[in-house]
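Letter by letter, the chains look like this.
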Amino acid sequence: MKQLCVFLTCLTLLDASGQSTLFKNGAQILIEAKDSIFEIENAVVASDEYDFLSNGMHRLSQLCLAKLKSTSRNHPDELQSSKTLTTLAQLATQAWRGSQYADKKKWAGIAKHFRRAFERSTSKFNYTQQVSFRLDLVDNKKKRFYFDKKPGISDLNLYKGKKPRGLTKKEKEELPDPIPLPIMTETQLIDQFVLQIKHRTIISDLKRGKYAFVGLYIHVDDNTLNKNKIPTARVVLVLGARRLRDIRLKKRYYVKE
């Protein structure tokens, strides 16, 4: 794991080609190391806003894992959290930070690095599936909004409507306080998460109990903060199965036994 920490640090300093190489090397170390498996605890989703600036992504990750477990059939295997798969997911968020999370074709080019790493090693994961996507962290309801640091009302500096321009000093003083964009609630974030895994045809295999292990990493995209953008989080989800015979997919990737 110490070697992996060095890889994670170096990833931020390399270009796309170098990042792919470093990911491959880091993934190989992880897959060959002894894994740690953890039970996924149940968690209750609240209707409160999720303060990601203060709380980070840890609780959201727990909520998403609990949702995956409750969706998954607990036979023949109960879904468990894998340290190896979780760190692989983290490795991917460090390596690739751009449009890959919204573009399925670009992510397909990245997913091959996961498959190749597993194909070259002996591991308990006979089959893996990995997907990525983004979650909106602020709710603008697809309406107009603007970024303004001056009011100091919101930590995100994002407000509803159109930014006032060309006003006199008196007109500015008479303006009502701007209305901050609301942060997504836990319920809204989980609904987004479920919708994304439905779009990526994972949920049907979960319900059949195909996967035994899961790794999930959610990271707030710093490039979407303090800008005229809706803040988003990058998500990488890696699922591992023990068995190949029940996975009904167009392509199958085998591991050396």
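Before reading further, recall that the structure is shown in the block above.
Bear in mind the structure is a predicted one, so any value in this text is a computation, not a measurement.

(A) Structural detail: the overall build of the protein. Secondary structure summary: the protein contains 9 helices and 7 strands in total. Of the accessible surface of the protein, which amounts to about 14,300 Å², a share of 49% is contributed by carbon and sulfur atoms.

(B) Molecular detail of the environment of Gly-26. The topology assignment puts Gly-26 in helix α2 (residues 16-32). Classification of Gly-26 as buried rests on a relative accessible area of 0%. The spacing of Gly-26 and Leu-88 is 62 residues in sequence and 8.3 Å in space, taken between C-alpha atoms.

(C) Region of the structure containing the sheet that holds strand β1 (residues 37-39). Pairing is mixed in the open sheet, where 5 strands are placed in the order β1-β2-β6-β7-β3. For this open sheet the edge positions go to β1 and β3 (127-136), each flanked by a neighbour on one side alone. Taken pair by pair, the neighbouring strands of this sheet meet at an average axis angle of 30°, ignoring direction. With 2 bridges connecting them, strand β2 (residues 80-82) and strand β6 (residues 213-220) associate as parallel partners. Across the sheet, the residue bridging to Ser-81 is Val-214, located in β6. Sitting on the sheet, helix α4 (residues 58-71) is in contact with β1, β3, β6 and β7 (232-241), with an inclination near 150° to β6.

(D) Broad picture of the nonpolar core. By size, the foremost hydrophobic cluster in this structure holds 43 residues, and its most contacted members are Phe-52, Met-57, Leu-60, Leu-68 and Leu-237. Elements represented by at least two residues in this core include exactly α4, β3, β4 (145-147), α8 (186-199), α9 (203-207), β6 and β7. Taken domain by domain, this core gets at least three of its residues from each of domain 1 (19-139 + 185-241) and domain 2 (143-181). Not counting residues up to four positions away in its chain, the partners in contact with Leu-68 are Leu-79, Phe-193, Ile-197, Leu-206, Val-214 and Leu-237.

(E) Inspection of the packing of aromatic side chains at higher detail. Scanning all chains against the criterion turns up 2 aromatic pairs. Consider the rings of Tyr-146 and Tyr-159, whose centres lie 5.8 Å apart with planes at 35°: the pair is tilted. A residue pair is termed long-range when its members are at least 10 positions apart, and Tyr-146 in strand β4 and Tyr-159 in strand β5 (residues 158-160) qualify at 13 residues. The exposure class of Tyr-146 is buried, given its relative accessible area of 8%.

(F) Expanded view of the pattern of salt bridges. Going through the model one piece at a time under the given rule, you end up with 7 salt bridges. Of the charged contacts in the structure, one is a salt bridge between Lys-69 and Glu-39, with a shortest N-O distance of 3.9 Å. One end of the pair, Lys-69, is in helix α4; the other, Glu-39, is in strand β1, and 30 residues separate them in sequence. The exposure class assigned to Glu-39 is exposed, which follows from its relative accessible area of 60%. For Lys-69, the salt bridge goes to Glu-78, with nearest N and O atoms at 3.1 Å. The buried category is assigned to Lys-69, whose relative accessible area is 16%.

Rules of the game
- Residues numbered from 1 in each chain as written.
- Predicted model: local features only at pLDDT ≥ 70, side-chain atom pairs only at ≥ 80, totals over all residues.
- Heavy atoms only, no water.
- Helix = DSSP H or I, 4+ residues; strand = E, 2+ residues; numbered from the N terminus.
- Areas by Shrake-Rupley, 256 points an atom, 1.4 Å probe, with all protein chains shown as cover.
- Buried < 20%, exposed > 50% of the residue type's maximum accessible area, 1.4 Å probe, protein only.
- Pairing = 2+ DSSP bridges.
- Axes fitted to C-alpha atoms, helices over the stretch in contact; angles between N-to-C directions.
- Contact = heavy atoms within 4.5 Å.
- Core = buried A, V, L, I, M, F, W, Y, C linked by side-chain atoms within 4.5 Å.
- Domains from an automatic or database assignment.
- Phe/Tyr/Trp six-rings, centres within 6.5 Å; stacked < 30°, edge-to-face > 60°.
- Salt bridge = Lys/Arg side-chain N within 4 Å of Asp/Glu carboxyl O.

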